[in-house]
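Residues per chain, in single letters:
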Amino acid sequence: MAAIGFIRGIGIWYPSELKTIKKKEDSPLQSIFEAFTNSLEAISILKKISPQDYKGEITISLYLAKNLHTQEKKTYDFQKLLISDNGIGFNDEEFERFINLRDDRKNFSNKGTGRIQFIHTFNKTFITSTYASEDSSTGYKERVITLSKTEAFLKQNAIIRLDAEEIIVADKSSTTVEFNTLLDRKDWEYFSSLTAIEIKRELIRHYLAGFCENRNDLPKISIKVFINEIETSSLEITSDDIPIPDKEEPIEIHYSKVSNNTIENTSKKETFTLKSFLIPENELAKNGLKLTSKGEIAKDIKLDKLLPTDEINGNRYLFLLSGNYIDERDSDTRGEINIPPKKEFKKRNENSLFGEEEILLEDIENQTNQKIQNLYKEIEEKYKQKEKGIEELQKMFLLNPETLKSLRNKININDNDETILRKVYESDAKIIAERDANIKQQFEDLKQLDTTSSDYQEELKNKVYEFVKTIPLQNRTTLTQYVARRKMVLELFQKILDKEILKLQNGGRIDEDILHNLIFQQSSKNPENSDLWLINWKKRKT
């Protein structure tokens, strides 16, 4: 049994480490999502070792109290929120991972930092977990844990305290996470106004991809709200709440091999299944194409023609690609699928006499995107309209091609001409501002030049060269260099007169050598490198 008390950090200083893992400010429910994800994973782990009739259950219970300090109806104070599940529980293996920050061995693509969101949002988080003991003779055990970043914990270099660990009488494993006492007033106001409907809506929105993939095998998910300890509302998330695939199509993809240092397809192939969903834009934040492995979302891959926030007729698109080939290449860490890109595959097999055959990531991406475009002609049509509109604007307003190229992933298919032009001009403005600031700095640097130095001409030449590099490519002509040199020499001449160059800043005198070398390098026999024109310019000025 583990020692009761604070779990001190080893090789880590929590007061500093907590500053590097920021609270997710844009999502007040992030702690709830983290705990809910843990429940899904705990159920998934237990499901693999349980009888077929095992059914996972997750219950979210929100406790509010009527606010006695206001006459307004339906005004409440947040008390606590509980998330309970009948998953694997905090057995020794799970507990060891839990107490080690950044332990990512859980096989669900975790970063091992979710619990930090708990302590950034709530003063204390209490976890009570029942789990099957490894010693069959003792049956079940229970662990009681507290998480916090209060002074009492951080003084011990800890964020976790084991409050109890004992043998109990039970017939199943379970875990309950209790959140209470919010640290931020803004969060308190948000949780105080939460309803069961809102919690359900946010859960579906956040877990939509996973729910779509597993709509026929969801755990029982219940959401309950209690007012003054009395249950006032109860909802469930069921398969009826999850979108049904709009289309389901097979995709055949051939294996590849390296032959004579060239990648070529073989006759061997695998069949994948593409499920596509049309989901209202207010329910799906981003379009996506995802590989799924063993019923879980595993990896995002490139989706052509559609940007993440594009929408067509009020809908966004979710595409899920599954197949035995993906399942077999899943690694210990979810999201790391062992399907190589072409470059890696070629490098690995270029010196092999018996080259292996594999399906490549680019082939999956290309053929899946081609299938998507065949299934949904409106995507291709909208994309072509966008490209045509951009081309017309480019010709009409002589827009910078490089700017347009850099904005390809920022111009949406529904952007109108005004929006596109605004994005182009804003991007151009940033480029111009950076370039002009660079030019100004180069003129500031002129004060470091010394016309009496033996390498003055070379330094000036380098300055001119660096200046010309900041000018757009289409303007880099002989005339540009001609004007640039004269401008910089005039600027240097003025700085000499104003005694701004370093050589004169400490009381130095403007002598004949300084001006002579500015106009014509002493002992030089090469008038091409001179600036005699300055004499004529000075005469005209006077």
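Residues numbered from 1 in each chain as written. Predicted model: local features only at pLDDT ≥ 70, side-chain atom pairs only at ≥ 80, totals over all residues. Heavy atoms only, no water.

## Things to note about the overall build of the chain
The helix and strand inventory of the chain stands at 19 helices and 14 strands. Across the 542 residues of the chain, 43% fall into the buried class. In the chain, 67% of the contacts between residues at least 6 apart in sequence involve partners at least 24 apart. Just so you have it, the chain exposes about 30,500 Å², and 47% of that area is on carbon and sulfur atoms. (Helix = DSSP H or I, 4+ residues; strand = E, 2+ residues; numbered from the N terminus. Buried < 20%, exposed > 50% of the residue type's maximum accessible area, 1.4 Å probe, protein only. Contact = heavy atoms within 4.5 Å. Areas by Shrake-Rupley, 256 points an atom, 1.4 Å probe, with all protein chains shown as cover.)

## Observations concerning the pattern of salt bridges
Where charged atoms from two side chains of opposite charge come close, those side chains can pair. One pass over the full model with this rule turns up 29 salt bridges. One salt bridge connects Glu 281 with Arg 316, and the closest N-O pair in it is separated by 4.0 Å. In this pair, Glu 281 is assigned in the loop between β11 (262–280) and β12 (288–293) and Arg 316 in strand β14 (residues 315–322), connecting sequence segments 35 residues apart. The partly exposed category is assigned to Glu 281, whose relative accessible area is 35%. The exposure class of Arg 316 is buried, given its relative accessible area of 10%. Residues Asp 304 and Lys 302 are paired through a salt bridge, measuring 3.9 Å at the closest nitrogen-oxygen approach. (Salt bridge = Lys/Arg side-chain N within 4 Å of Asp/Glu carboxyl O.)

## Details of the packing of helix α11 (residues 361–375) against helix α12 (residues 377–397)
At a closest axis distance of 4 Å, the pairing of α11 and α12 adopts a crossing angle of 95°. Between α11 and α12, the angle falls in the class roughly perpendicular. Side by side, α11 and α12 meet where Ile 372, Gln 373, Asn 374 and Leu 375 of the first sit next to Lys 377, Ile 379 and Glu 380 of the second. (Axes fitted to C-alpha atoms, helices over the stretch in contact; angles between N-to-C directions. Parallel < 35°, antiparallel > 145°, perpendicular 65-115°, else oblique.)

## Focus on unusual backbone geometry
Look at Asn 260: it is not a glycine, yet its phi comes out positive at around 55°. Mapping Asn 260 onto the fold places it in the loop between β10 (247–259) and β11. Residue classification places Asn 260 among the exposed positions, given a relative accessible area of 75%.

## Points about the side chain of Ser 276
Tracing the backbone shows Ser 276 in strand β11. Within the structure, Ser 276 has its side chain in polar contact with the side chain of Tyr 376 (distance 2.7 Å). Discounting chain neighbours no more than four positions away, the residues touching Ser 276 are Pro 245, Asp 246, Lys 247, Leu 318, Phe 319 and Tyr 376. (Polar contact = N/O pair within 3.5 Å; in protein donor to acceptor, adjacent residues only side chain to side chain.)

## Here we look at the environment of Lys 495
With respect to the element layout, Lys 495 can be found in helix α16 (residues 478–497). Judged by relative accessible area, which is 6%, Lys 495 ranks as buried. Counting along the chain gives 48 residues from Lys 495 to Lys 447, while the straight-line C-alpha distance between them is 6.8 Å. The contacts of Lys 495, once residues within four sequence positions are left out, are Phe 443, Leu 446, Lys 447, Glu 500 and Ile 501.

## Details of the environment of Phe 118
Mapped onto the elements, Phe 118 comes out in helix α4 (residues 114–121). For Phe 118, a relative accessible area of 2% puts it in the buried group. The spatial distance from the C-alpha of Phe 118 to the C-alpha of Ser 31 is 5.3 Å, given a sequence separation of 87 residues. Apart from the residues lying within four places of it in its own chain, the contact partners of Phe 118 are Ser 31, Glu 34, Ala 35, Asn 38, Thr 125, Leu 147 and Phe 179.

## Digging into α11
Between its first and last C-alpha atoms α11 spans 21 Å; for 15 residues at 1.5 Å apiece the expected length is 21 Å, and the two agree. Taken together, the buried positions of α11 are occupied by Leu 361, Asp 363, Ile 364, Glu 365, Thr 368, Asn 369, Ile 372 and Gln 373. (Expected span 1.5 Å × (residues − 1).)

## Notes on the packing of aromatic side chains
Summed over the entire model, instances satisfying the criterion amount to 17 aromatic pairs. When the centroid spacing of 6.0 Å and the interplanar angle of 10° are considered together, the rings of Tyr 317 and Phe 319 count as stacked. With a relative accessible area of 2%, Tyr 317 lands in the buried category. The exposure class assigned to Phe 319 is buried, which follows from its relative accessible area of 0%. Taken together, the aromatic side chains of Phe 78, Phe 118, Phe 122, Phe 179, Tyr 190 and Phe 191 make up a single cluster linked through ring pairs. The ring of Phe 98 has Arg 115 lying over it, and the distance from NZ or CZ to the ring centre is 5.2 Å. Taking NZ or CZ as reference, Lys 487 lies 5.8 Å from the ring centre of Phe 443, over its face. (Phe/Tyr/Trp six-rings, centres within 6.5 Å; stacked < 30°, edge-to-face > 60°. Lys NZ or Arg CZ within 6 Å of the ring centre and 35° of its normal.)

## Let's talk about the packing of α12 against helix α14 (residues 417–444)
At their nearest, the axes of α12 and α14 sit 11 Å apart, and the two run at 60° to each other. Between α12 and α14, the crossing angle belongs to the class labelled oblique. Classified by chirality, the crossing of α14 by α12 is right-handed. Counting all contacts with α12, which are made through Ile 390, Leu 393 and Phe 397, the residues of α14 involved are Asp 417, Ile 420, Leu 421 and Tyr 425. For the contact of α12 with α14, the per-class residue count stands at six nonpolar, no polar and one charged. (Left-handed = near helix turned anticlockwise from the far one by under 90°. Nonpolar A, V, L, I, M, F, W, Y, C, P; charged D, E, K, R; others polar.)

## Quick word on the nonpolar core
By size, the foremost hydrophobic cluster in this structure holds 62 residues, and its most contacted members are Phe 78, Leu 81, Ile 145, Phe 179, Phe 191 and Leu 203. Ranked by the residues each element gives to this core, the list is headed by helix α2 (residues 30–47), at eight residues. Sequence-distant contacts of Leu 81, that is, excluding residues within four places in its chain, are made with Ile 32, Ile 60, Ser 61, Leu 62, Val 177, Glu 178, Phe 179 and Phe 191. Core analysis: the next-biggest nonpolar cluster, separate from the first, contains 26 residues, Phe 319, Ile 326, Ile 359 and Ile 364 among them. (Core = buried A, V, L, I, M, F, W, Y, C linked by side-chain atoms within 4.5 Å.)

## What to know about the confidence of the model for the chain
Scored by pLDDT, the chain has a mean of 85; 89% of the residues are at 70 or more. Confidence drops under pLDDT 50 across residues 103–111; counting only partners more than four residues distant or on other chains, this segment forms 25 contacts. (pLDDT = per-residue confidence, 0-100.)

## Some details on the side chain of Arg 316
One polar contact links the side chain of Arg 316 to the main-chain carbonyl oxygen of Leu 284, over a distance of 2.8 Å. A polar contact of 3.5 Å, which involves the side chain of Arg 316, links it to the backbone oxygen of Ala 285. For Arg 316, the contacting residues outside a window of four places in its chain are Phe 277, Leu 278, Ile 279, Glu 281, Leu 284, Ala 285, Lys 286, Asn 287, Pro 308, Thr 309, Asp 310 and Glu 311.

## A short note on the sheet that holds strand β8 (residues 220–227)
Two pairing modes exist for strands in a sheet, parallel and antiparallel, and in both the strands are linked by backbone hydrogen bonds. Taken in spatial order, the nine strands make up an open sheet running β1-β6-β5-β4-β7-β3-β2-β8-β9, and their pairing is mixed. Two strands in the sheet have a free side with no partner beyond their single neighbour: β1 (5–8) and β9 (230–237). Averaged over all neighbouring strand pairs, the angle between strand axes comes to 20°, with direction disregarded. Lying over the sheet, helix α7 (residues 196–206) contacts β2 (57–66), β8 and β9, oriented at roughly 25° with respect to β9. (Pairing = 2+ DSSP bridges.)

## Regarding the pairing of strand β5 (residues 140–147)
Extensive coverage of β5 is indicated by the burial of seven of its eight residues. Where strand β4 (residues 122–132) and β5 come together, eight bridges link them in antiparallel fashion. Residue pairing for β5: Tyr 131 is matched across the bridge by Lys 141. In this structure, β5 lies alongside strand β6 (residues 158–168), joined through eight bridges in antiparallel fashion. When the bridges of β6 are listed, Val 144 appears paired with Ala 164.

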